[in-house]
Amino acid sequence: MSSYSFVSKDSIEYLNIEITTRCSVKCPMCPRTVFPQFLNSKLDMPVSLVNHLNFSDNLKKIYLTGANGDPIQHPNFHSFLRALKNTTKAQLNINTHGSFRSKNWWENTLNILSKTDHIIFSIDGLEDTNSIYRVHAHWRSIESAVKLSAQKLQTTWKFIIFKHNEHQISKAIHLAKSWGVAYFSLKRSDRWSEPYWPKDNVSDWMEHLRPSEDFVTKDYKDVEGPYSLKRKFNSVFNINLRTDSLPLYMQQMKVGETQVGN
Ligand SMILES: C[S@@+](CC[C@H](N)C(=O)[O-])C[C@H]1O[C@@H](n2cnc3c(N)ncnc32)[C@H](O)[C@@H]1O
Ligand code: SF4
């Protein structure tokens, strides 16, 4: 007979909920793009489920990030947020490409959220490069969303480094600052190796996207292994535009560290 062990609800402090598998952006290394055959790309979590989740008081943070979709594309996103806010005091952290939603839609979103909630915008470059990886992303709607969000709550510009945007980091930092953004987080792509990336797709996209050798040094002997960013760039990587207390979960790179996180 098999036995199962369950995590007690009171021991859960951090929860990641995938509320939808929808996304209109097409990042070439996202599972929904790489393995479309394994995904129903129009699945939405019913809002009523929130009432059954029975969150513990120990829950500190809920991440609306997921792995295969973008939370703001849930058709009832506002109802979802309201249900969460009525059920738990945990901080909400929303990871999004930031595209396609109107000013009015964002104002409604921000009215539901609290000052202590957090929106992390995945913006991998500037206007001329962001949609090389974030295929179909819409710059104007991103800019408007980020500016509104930055006025009301904790806001991060999260930048994944690729060959086509590695030269734009300091410009992006300045732009983030001019938009009122409090946090700038750099992330290296961790998706260079099998089994994540099917062999027959590897060469073109990998070489197209991989940061240049001048920019990164290899950390491990394994050619497909993680990269570390060259030390000379570290001073610009730890960017915290308002305060020194960075949220730990963001694993942002501090000066002298090599890991850049989500
Ligand atoms: C599947 S996405 C879902 C959330 C949202 N759609 C977004 O992109 O921010 C989950 C996380 O994967 C990150 N991501 C996407 N492509 C990546 C890559 N090549 N390397 C590392 N992280 C990546 C996204 O930026 C996001 O933080
Ligand atoms: S925006 Fe997020 S969910 Fe959409 S394709 Fe890119 S990584 Fe995947």
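These figures come from a predicted structure and were not determined experimentally. (Residues numbered from 1 in each chain as written. Chains lettered and ligands numbered in written order. Predicted model: local features only at pLDDT ≥ 70, side-chain atom pairs only at ≥ 80, totals over all residues.)

A. View of the overall build of the chain. For the chain, the count of helices and strands is nine helices and nine strands. Per-residue burial over the chain gives 30% buried out of 262 residues. Look at the contacts in the chain between residues 6 or more apart in sequence, and 76% of them connect residues 24 or more apart. (Helix = DSSP H or I, 4+ residues; strand = E, 2+ residues; numbered from the N terminus. Buried ≥ 20, exposed ≤ 12 C-beta atoms within 10 Å, placed from the backbone. Contact = placed C-beta atoms within 7 Å.)

B. A look at the nonpolar core. Among the nonpolar cores identified, the biggest contains 41 residues, and F121, V146, W157, F159 and V181 are the most heavily contacted of them. Secondary structure elements with two or more residues in this core: β2 (61-64), α3 (77-87), β3 (91-96), β4 (118-122), α6 (139-152), β5 (154-161), α7 (169-178) and β6 (183-188). Excluding its chain neighbours within four sequence positions, the residues that come into contact with W157 are F121, I123, V146, A172, A176, V181 and F184. (Core = buried A, V, L, I, M, F, W, Y, C linked by C-beta atoms within 7 Å.)

C. How the structure looks around α7. Among the residues of α7, those classed as buried are I169, A172 and A176. End-on, the buried residues of α7 take up no more than an arc of 60 degrees, which puts them together on one face. Across from the buried face of α7, at angles greater than 90 degrees, the exposed residues are S170, K171, H174 and S178. (Arc of directions from axis to C-beta.)

D. Here's a closer look at the environment of E13. With respect to the secondary-structure elements, E13 resides in the segment before β1 (14-16). Residues E13 and A90 lie 77 residues apart in sequence; the distance between their C-alpha atoms is 8.8 Å. When neighbours within four sequence positions are excluded, E13 is seen to be in contact with N58, L59 and K60.

E. Structural context of the site of ligand 2. For ligand 2, the full set of nearby residues is C23, V25, K26, C27, C30, R32, T33, G69, D70 and H97. Considering only residue class, the shell around ligand 2 consists of four nonpolar, three polar and three charged. (Near = placed C-beta within 6 Å. Nonpolar A, V, L, I, M, F, W, Y, C, P; charged D, E, K, R; others polar.)

F. Broad picture of the environment of A172. Structurally, the position occupied by A172 is in helix α7. For the pair A172 and F159, spaced 13 residues apart in the sequence, the C-alpha separation amounts to 8.6 Å. Among all residues touching A172, those that are not within four sequence positions of it are L126, W157 and F159.

G. Main features of the pairing of β6. Buried residues dominate β6, accounting for five of its six residues. Across six bridges, β5 lies against β6 in parallel orientation. The residue bridging I160 from the neighbouring strand is K187, located in β6. On the question of chirality, the crossover connecting β5 to the parallel β6 by way of α7 is right-handed. (Pairing = 2+ DSSP bridges. Right-handed = clockwise from strand over helix to strand, strands pointing away.)

H. Geometry of the pairing of β5. β5 sits mainly inside the fold: eight of its eight residues count as buried. The side-chain alternation of β5 yields two buried faces, one formed by Q154, T156, K158 and I160 and the other by T155, W157, F159 and I161. Inspection of the sheet shows β4 paired to β5 by five bridges, in the parallel sense. In the sheet register, H118 faces β5, and the bridge partner there is Q154.

I. Broad picture of the packing of helix α4 (residues 103-112) against α6. Between α4 and α6, the least distance of the axes is 10 Å, while the angle of their chain directions is 25 degrees. One way to sum up the angle between α4 and α6 is to call them roughly parallel. Seen from above, α4 lies across α6 with right-handed handedness. Taken together, the residues of α6 that come into contact with α4 (itself represented by K103, W106, E107 and L110) are S144, A145, L148, S149 and K152. (Axes fitted to C-alpha atoms, helices over the stretch in contact; angles between N-to-C directions. Parallel < 35°, antiparallel > 145°, perpendicular 65-115°, else oblique. Left-handed = near helix turned anticlockwise from the far one by under 90°.)

J. Structural view of unusual backbone geometry. Within the chain, F100 stands out as a residue other than glycine whose phi angle is a positive 80 degrees. Relative to the helices and strands, F100 resides in the loop between β3 and α4. Of note, H136 is a non-glycine position whose phi angle comes to about 80 degrees, a positive value. Examined against the element boundaries, H136 turns out to sit in the loop between α5 (130-133) and α6. On the neighbour-count criterion, H136 (13 C-beta atoms within 10 Å) is partly exposed.

K. Layout of α6. Compared with the 20 Å implied by 1.5 Å per residue over 14 residues, the 20 Å span of α6 between its first and last C-alpha is a close match. Every buried residue belonging to α6 is among I142, A145, V146, S149 and A150, and all of these are buried. Summarising the axial view, the buried residues of α6 lie within an arc of 130 degrees, below the 170-degree limit, and thus occupy one face. More than 90 degrees from the buried face of α6, the exposed residues found are R140 and Q151. (Expected span 1.5 Å × (residues − 1).)

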